[in-house]
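Listed here are the chains, written in short residue letters.
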Amino acid sequence: IPFMQVHGKTADEATAFMLKTFGKFKNDLWEHPGFYRLDGRPVVFIYRATKYDAEFWKQIIPAVEAKYGNMIWLFDAALVGVPEGQWLPKLRDMLQYFDGISMYGNWSAGTQQKLFDMIALVMKKEFPQKIFEGGVHTNYTNHHWYGGVDPELTSKYRGSWEMVLAAEPDSVSVTNWFD
């Protein structure tokens, strides 16, 4: 999956950035065996897509697809930087333009549980036709940055699997092996 972050202060700048970026690997999207595809369409994951208003994506996605072909667009529903009270409105706004959600996890177990408690219900009841990919999070704090101590070994990883499976997503991604 292309894991991308978009840059630009305006929708025009962000669109230009995406067009240039996709131009660098356009053939790989369709031909490389390592690219993830559903029904023959490349799957694109946008990290921090929510830093832009949903209306930006109304411009960006059609422009990229007009030049490079129809793709499946997933955005990061970890909702980094979005205040908790705005999670569901942001999710609903973004799903107007995206084919579904995935998650790049770098949260605490408590935040992950809150996300899944809210997001799973909305995805199943309001957007059953959209892709709901849950993110299993590994031991993010298992780093020397945090003192080099393995916090409770694999408990966070195991707990993350339990939360994701309880949410019954369509698919699962496992993130942060070495982040």
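Note that the structure is a prediction, hence the values are computed from the model and not measured. (Residues numbered from 1 in each chain as written. Predicted model: local features only at pLDDT ≥ 70, side-chain atom pairs only at ≥ 80, totals over all residues. Heavy atoms only, no water.)

A. Spatial organisation of the side chain of Lys 90. Looking at the secondary structure, you find Lys 90 in helix α4 (residues 87–94). The buried charged residue Lys 90 lacks any salt bridge partner; its closest oppositely charged side chain belongs to Asp 53, at an N-O distance of 4.1 Å. Once residues within four sequence positions are removed from consideration, Lys 90 is found in contact with Thr 50, Tyr 52, Asp 53, Leu 79 and Val 82. (Helix = DSSP H or I, 4+ residues; strand = E, 2+ residues; numbered from the N terminus. Buried < 20%, exposed > 50% of the residue type's maximum accessible area, 1.4 Å probe, protein only. Lys, Arg positive; Asp, Glu negative; His and termini not counted. Salt bridge = Lys/Arg side-chain N within 4 Å of Asp/Glu carboxyl O. Contact = heavy atoms within 4.5 Å.)

B. Quick look at helix α5 (residues 109–126). Under the 1.5 Å per step criterion, the end-to-end length of α5 is 25 Å for 18 residues, consistent within 8% with the ideal 26 Å. Taken residue by residue, α5 has Gln 112, Leu 115, Phe 116, Ile 119, Ala 120, Val 122 and Met 123 as its buried positions. Check the buried side of α5 and you find it contacts α4, β5 (100–102), β6 (131–137) and α6 (155–167). (Expected span 1.5 Å × (residues − 1).)

C. Focus on the pattern of salt bridges. A complete count under the given rule lists five salt bridges for this structure. Here Glu 55 and Lys 58 are joined by a salt bridge, their closest N and O atoms 4.0 Å apart. One end of the pair, Glu 55, and the other, Lys 58, are both in helix α3 (residues 54–68), three residues apart, so they sit about a helical turn from each other.

D. Quick peek at the environment of Tyr 68. For Tyr 68, the location among the structural elements is in helix α3. Between the alpha carbons of Tyr 68 and Phe 25 there is a distance of 10.0 Å; along the sequence they are 43 residues apart. Beyond its immediate chain neighbours, meaning those up to four positions away, Tyr 68 contacts Leu 19, Phe 22, Gly 23, Lys 26 and Trp 30. Within polar-contact distance, the side chain of Tyr 68 engages the backbone nitrogen of Gly 23 at 3.4 Å. (Polar contact = N/O pair within 3.5 Å; in protein donor to acceptor, adjacent residues only side chain to side chain.)

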